[in-house]
Amino acid sequence: EVYHASKMKLKREERLLRYVWYDTDFNKTGNIDQAEFLQLLNRINIYLKQEHAIRFYKCFMAAKLPKKGGRIGRSKEDQKGITFEECLYLLEKISLDLNNCTEISDAIFDELFGTGKHIVTAEEFLNKFLHQKQNENTATIDDVKELFLELNS
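Residues numbered from 1 in each chain as written. Predicted model: local features only at pLDDT ≥ 70, side-chain atom pairs only at ≥ 80, totals over all residues. Heavy atoms only, no water.

A few points about the confidence of the model for the chain
- Averaged over every residue, the pLDDT of the chain is 76; the share at 70 or more is 75%.
- Scored below 50 in pLDDT, residues 68-77 makes 15 contacts in the model with residues more than four places away or belonging to other chains.
- In the model, residues 101-105 has pLDDT below 50 throughout and makes seven contacts with residues more than four positions away in sequence or in other chains. (pLDDT = per-residue confidence, 0-100. Contact = heavy atoms within 4.5 Å.)

Section: a negative patch on the surface
- On the surface, a cluster of negative charge is contributed by Asp-142, Asp-143, Glu-146 and Glu-150.
- The exposure class assigned to Glu-146 is exposed, which follows from its relative accessible area of 56%. (Patch = residues over 30% accessible without salt bridge, like charges linked within 9 Å, V, L, I, M, F, W, Y side chains within 5 Å. Areas by Shrake-Rupley, 256 points an atom, 1.4 Å probe, with all protein chains shown as cover. Salt bridge = Lys/Arg side-chain N within 4 Å of Asp/Glu carboxyl O. Lys, Arg positive; Asp, Glu negative; His and termini not counted. Charge placed at Lys NZ, Arg CZ, Asp CG, Glu CD. Buried < 20%, exposed > 50% of the residue type's maximum accessible area, 1.4 Å probe, protein only.)

Quick notes on the nonpolar core
- Among the nonpolar cores identified, the biggest contains 35 residues, and Phe-37, Leu-40, Ile-82, Leu-91, Phe-125 and Phe-129 are the most heavily contacted of them.
- Counting only elements with at least two residues in this core, the list comes to α2 (12-24), α3 (34-43), α4 (50-64), α5 (84-98), α6 (107-113), α7 (122-133) and α8 (141-152). (Core = buried A, V, L, I, M, F, W, Y, C linked by side-chain atoms within 4.5 Å. Helix = DSSP H or I, 4+ residues; strand = E, 2+ residues; numbered from the N terminus.)

Remarks on the side chain of Gln-134
- The residue Gln-134 is located in the loop between α7 and α8 in this model.
- Note on Gln-134: relative accessible area 8%, which makes it buried.
- In contact with Gln-134, not counting residues within four places along its chain, are Tyr-19, Val-20, Arg-43 and Phe-129.

A closer look at the pattern of salt bridges
- Inspection of the entire model under this criterion finds two salt bridges.
- Overlapping salt bridges, with partners in common, bring together Asp-23, Arg-43 and Glu-136 in one network.

Observations regarding the environment of Gln-34
- Note that Gln-34 resides in helix α3.
- Residues within four places of Gln-34 in sequence aside, it is in contact with Ile-54, Tyr-57 and Lys-58.

Digging into the side chain of Arg-43
- Tracing the chain through its elements places Arg-43 in helix α3.
- For Arg-43, a relative accessible area of 15% gives the class buried.
- In terms of polar contacts, Arg-43 uses its side chain to reach the side chain of Asp-23, at 2.5 Å.
- Apart from the residues lying within four places of it in its own chain, the contact partners of Arg-43 are Val-20, Asp-23, Thr-24, Lys-133, Gln-134 and Glu-136. (Polar contact = N/O pair within 3.5 Å; in protein donor to acceptor, adjacent residues only side chain to side chain.)

Quick look at unusual backbone geometry
- Of note in the backbone geometry, Lys-28 takes a positive phi value of approximately 55° without being a glycine.
- Tracing the backbone through its elements, the reader meets Lys-28 in the loop between α2 and α3.
- Taking the relative accessible area as the measure of exposure, Lys-28 reaches 55% and is therefore exposed.
- Positive phi, normally seen in glycine, also occurs at Asn-135, with a value near 55°.
- Tracing the chain through its elements places Asn-135 in the loop between α7 and α8.

A look at the packing of α2 against α7
- Look at α2 against α7: their axes get within 13 Å of each other, and the N-to-C directions meet at 55°. In terms of orientation, α2 lies oblique with respect to α7. When you trace α2 past α7, the crossing you get is right-handed. Between α2, through Leu-16, Tyr-19 and Val-20, and α7, the contact on the second element is made entirely by Phe-125, Phe-129 and Leu-130.
- Across the contact of α2 with α7, the residue classes tally to six nonpolar, no polar and no charged. (Axes fitted to C-alpha atoms, helices over the stretch in contact; angles between N-to-C directions. Parallel < 35°, antiparallel > 145°, perpendicular 65-115°, else oblique. Left-handed = near helix turned anticlockwise from the far one by under 90°. Nonpolar A, V, L, I, M, F, W, Y, C, P; charged D, E, K, R; others polar.)

Printed below as a string of structure tokens:
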């Protein structure tokens, strides 16, 4: 029940990111490593110099490690990448940095489907996101309906 409640709170942008996340997490561990993170940035059109993106990732990973003096973090054995929730946080930090600390709400969704639009049809999602943005030309309307059911459950 808690999982269902937290899933309902996902914003439109987070749902699109979740789709790209599943596709980018090549080894299906639920975490993405540095290389997968760089690919994710490219897939969602966040254009950073590679060294800048790597620095963001490495600084974030370093902050998760336990520090001398008792700071709580993950152990080195647990450092297998970042979770989806950590990625959301990191992307928000990058967005704030790139946009001079101005939060951009639903930027990916607005770019794809238009500012002020709150609902998209399966056909719009298929054409504008899967076919045009993700170049997944073999995806069908049935794939989209199945994806919508999974994301909204």
